[in-house]
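# Chain and residue survey
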Amino acid sequence: MILPALLLIPFLYIILAILIKSKKVKTWLSFAFSLINLGFAIWVMAQVFEVGMIKTQMGSWPAPFGITLVADRFSAFMLLVSALVFAVVTLYSIQSVDTARIKNGYFLFAHGILMGVNGSFLAGDLFNLYVWFEVMLMGSFILISFGGERAQLEGAIKYLILNLISSFFFVAGIGILYGKMGTLNMADLSQKIAQSGDVLSQLSPAMVLIVVGFAIKGALFPFFFWLPASYHTPPPAVTALFAGLLTKVGIYSLIRIYTLFLYHSTSFWNPVVLWIGILSMVIGVFSASSQYDFRKILSFHIISQLGYVVIGLAFYTVAGLAAAIFFLGHNMISKTNAFLVAGWVHRERQTLNLKVLGDMFKKNTLWGVLFFISAFSLAGLPPLSGFIGKYLVIKAGIESGHVSVALVALFVGFFTLFSMVKIWIEVFWKNTPPEVEAPVNTKPLPHGLMISASVILALAIVGMGVFAGPVVNYCEMAASDLLNTELYINFVLK
Amino acid sequence: MELIFAIFIGLLYACGVFLLLRRSIVKVILGVFVLSNATNLIIFLAGGIKRSGSAFIPEGAETIDPAVISDPLPQALILTAIVIGLGIAAYILALKYRYFEETGTHDLDQLSKTDRK
């Protein structure tokens, strides 16, 4: 009964936050609940580490009929990393988000997102996955438009309409799939598809619709336009939360359905997914290098980095999938931390335009070091987690015979480095341009909680790089579980 | 019956996409509503359309022949999708209203600020 707890903890907070009036209690309760959630995620991880998979049949209805919650090694890993990211961003938000937003229920909607994310990682059937997607999206719709600044509303409209369209693709796919197969339980579907090989060609329309839905949610080429148009508009803490959690759920779902359904017709899907990954990598990184806004550069890099995960999936070997899983975890942590640093810069200078920033390293060395760690982890410098992630992806590519793809991945790495060095020089190293007036408030704002949040993530980045061995081993186990579809089917149905 | 239904859904999708491509934000939002309903109807169609009884097991009997009842699951799915759609519709209209208050415009072409460098 440990899995439903991950859904009930955020839900309980939402109810309490409606009832409690005091802002202070609400705030600290939110942090406490995020820690409880982290504790449960660790517990799930500990259990899954021993037995491989755990499941709960809600309402005791047996598998293909009831609602099933499943956690295998891959979901447990994602649950743990997202719980960590969420707890850290909550700590950061206590100081970073303005009083008006917190009073109006900022943490309430953040927990709504957490509930949706946890649910998506645990969902055992497709329609449930859709419902959790919507829970997550509803929270994110509100957070992105929360506060009602003009740019925010504009970003929110784009974000909202494109994400709704992606949901329609997904639901239409589910409808067609149900019409053909008569079940929506993922394990049952996978089994039925495996048993009747000829049905596969009729399922292609449904699969294409579902994959397009996930690709829009995961901001992959050519469906990524909503992401850089909206992610730089809300407060930085919100962007950090979105960057850490939302697009990753789309990619998680893509990996899940790829290993359960799409692997039957690899001759079609492998090149498609491979090209989506390559183009996301290349176009994301090129678009980023032409930008001059701190958060916009990072937003385009989200697209580019997810490309690495997708090519890891497209190699479709144990090494490739393990690399994809590792990279996903690394990216959630490093990207969130980069946005946390952006939040501090925004707080000090009220702008994130690289042209008017400067001197930030002099202002606070520790934040400079924190940015250095997360940015150069994203660029893939040893001994940080990004180096291991890229090394694994490229190695898996060469081993599975995709040498040219591996070369593209290396090439994209250089451009990532270029963008990160650009931010480093423009924001932290150069002097503030003389024509820019010095900031009015010389007294430093309090940022103790913000910096401790960022330090935790930085330690996680370094830890994932230095002690990569056990993590990589775990990812390999998770990957071989994913490739062994029978294991998942038998576990869920029996 | 199924053919008529399929054509009708196709028409709804066409209307929805047409509305999505308009310049007025209100029409785009209406397009989203039309698409959402078209999608719900796909699930309905996927469950199969037939004249048959409701999915109750008669008193005293243990089971019922699946041929004489219609599949209740798609209806449950649509119900869920409608509720979610309603919540989102309320939210998106409120968002549009707020945007209109802030800027006084319905024109999608004015929404290019966040895409510029």
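Reading the values: the criteria
Residues numbered from 1 in each chain as written. Chains lettered and ligands numbered in written order. Predicted model: local features only at pLDDT ≥ 70, side-chain atom pairs only at ≥ 80, totals over all residues. Heavy atoms only, no water. Core = buried A, V, L, I, M, F, W, Y, C linked by side-chain atoms within 4.5 Å. Buried < 20%, exposed > 50% of the residue type's maximum accessible area, 1.4 Å probe, protein only. Helix = DSSP H or I, 4+ residues; strand = E, 2+ residues; numbered from the N terminus. pLDDT = per-residue confidence, 0-100. Phe/Tyr/Trp six-rings, centres within 6.5 Å; stacked < 30°, edge-to-face > 60°. Lys NZ or Arg CZ within 6 Å of the ring centre and 35° of its normal. Axes fitted to C-alpha atoms, helices over the stretch in contact; angles between N-to-C directions. Parallel < 35°, antiparallel > 145°, perpendicular 65-115°, else oblique. Contact = heavy atoms within 4.5 Å. Nonpolar A, V, L, I, M, F, W, Y, C, P; charged D, E, K, R; others polar.

Residues Val44, Leu126, Phe242 and Phe294 of chain A are the most contacted members of the largest nonpolar core, which totals 214 residues. If you tally residues by element for this core, the top one is helix 14 (residues 318-349) of chain A, at 17 residues. Core analysis: the second largest hydrophobic core is formed by 8 residues, Leu209 of chain A together with Leu12, Ala38 and Ile42 of chain B among them.

Right, let's talk about the confidence of the model for chain B for a bit. Of the residues in chain B, 99% have a pLDDT of 70 or more, and the chain-wide mean is 87. Per-element averaging of pLDDT across chain B places helix 3 (residues 72-103) of chain B at the bottom with 90 and helix 1 (residues 2-20) of chain B at the top with 93.

Residue and element names in this part refer to chain A. Per the stated rule, a full pass over the model turns up 39 aromatic pairs over all chains. Aromatic side chains Phe268 and Trp269 sit 4.9 Å apart centroid to centroid with 75° between the ring planes, which places their arrangement in the edge-to-face category. Put simply, the rings of Phe294, Phe361, Phe371, Phe372, Phe376, Trp424, Phe428 and Trp429 pair up and form one aromatic cluster. Its guanidinium or amino end placed over the ring of Phe491, Lys55 lies 5.2 Å from that ring's centre, counting from NZ or CZ. In this structure, Lys355 packs its charged tip against the face of Tyr292, placed 4.5 Å from the ring centre.

So, about the packing of helix 2 (residues 25-46) of chain B against helix 3 of chain B. The axes of two packed helices give the description: the angle between them and the distance between them. Residues and elements named next belong to chain B. Two elements in contact, helix 2 and helix 3, have axes whose closest approach is 10 Å; the angle formed by their N-to-C orientations is 175°. Regarding the angle of helix 2 to helix 3, the classification is roughly antiparallel. Taken together, the residues of helix 3 that come into contact with helix 2 (itself represented by Ile25, Val26, Ile29, Phe33, Asn40, Ile43 and Phe44) are Pro74, Leu77, Ile78, Ala81, Ile82, Ala89, Ile92, Leu93, Lys96 and Tyr99. When the residues that make up the contact of helix 2 with helix 3 are grouped by side-chain class, the tally is 15 nonpolar, 1 polar and 1 charged.

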